[in-house]
Amino acid sequence: MLDSIIKLIIGDMEEKRAYKQMMKRVDALPKDYRFAFRKIQHYMFTVGPPGGDMTLFTDLTMFTDLVDLFEASAAEGRQVLDVIGIDVGKFSDEFMRASVINTENTEKLREKLNKEIMEKFNKEGQ
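Residues numbered from 1 in each chain as written. Predicted model: local features only at pLDDT ≥ 70, side-chain atom pairs only at ≥ 80, totals over all residues. Heavy atoms only, no water.

Participant: Let's hear about the packing of helix α2 (residues 13-27) against helix α3 (residues 31-47): which residues, and what values?
Facilitator: Their axes nearest at 9 Å, the elements α2 and α3 cross at an angle of 140°. Considering their axes alone, α2 and α3 lie oblique with respect to each other. Residues Tyr19, Met22, Met23, Val26 and Asp27 of α2 lie in contact with α3, whose contacting residues are Arg34, Phe37, Arg38 and Gln41. Looking at the contact of α2 with α3 residue by residue, the class counts come to five nonpolar, one polar and three charged. (Axes fitted to C-alpha atoms, helices over the stretch in contact; angles between N-to-C directions. Helix = DSSP H or I, 4+ residues; strand = E, 2+ residues; numbered from the N terminus. Parallel < 35°, antiparallel > 145°, perpendicular 65-115°, else oblique. Contact = heavy atoms within 4.5 Å. Nonpolar A, V, L, I, M, F, W, Y, C, P; charged D, E, K, R; others polar.)

Following this line, the structure appears as structure tokens:
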């Protein structure tokens with residue numbers, strides 16, 4: 001009970017640690033990538049995800065994926081505009097949409113996995 005009260009007041013400490021670690025990775029990006037990441041992140045927080053599924057923002061997976069993309073692109077020596085294009089809003093929208101699809105797909109796969117495992121063990125357990 002005390003845990004849930006603390007979590008309600010200050011939030012999940014693991015999520016905060018994960019966010020801080022992700023932002024350290026952002027800080028290590030080249031200057032142009034850092035700038036682009038922060039602007040894209042602000043845009044995404046402002047417009048919100050397609051379908052209004054705010055769990056995308058609390059999960060951090062979407063932003064971690066963006067950092068991964070930027071790190072790999074910077075390591076290849078690509079310019080940030082070569083990655084995100086000149087319509088950054090469209091890039092951001094497509095990136096969020098892809099994350100929603102991935103999240104929905106993951107949920108479906110998770111449900112299928114649980115169902116198959118439970119069916120297998122329920123049959124064997126009888």
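Participant: How would you sum up the nonpolar core? Please name residues and give values.
Facilitator: Counting residues in hydrophobic clusters, the biggest one holds 21 residues, and the most contacted among them are Met22, Phe37, Ile40, Met44, Leu66, Phe70 and Ile84. Of all the secondary structure elements, the ones that give two or more residues to this core are α2, α3, α5 (61-75), α6 (80-84) and α7 (88-125). The contacts of Leu66, once residues within four sequence positions are left out, are Phe37, Ile40, Phe91 and Phe95. (Core = buried A, V, L, I, M, F, W, Y, C linked by side-chain atoms within 4.5 Å. Buried < 20%, exposed > 50% of the residue type's maximum accessible area, 1.4 Å probe, protein only.)

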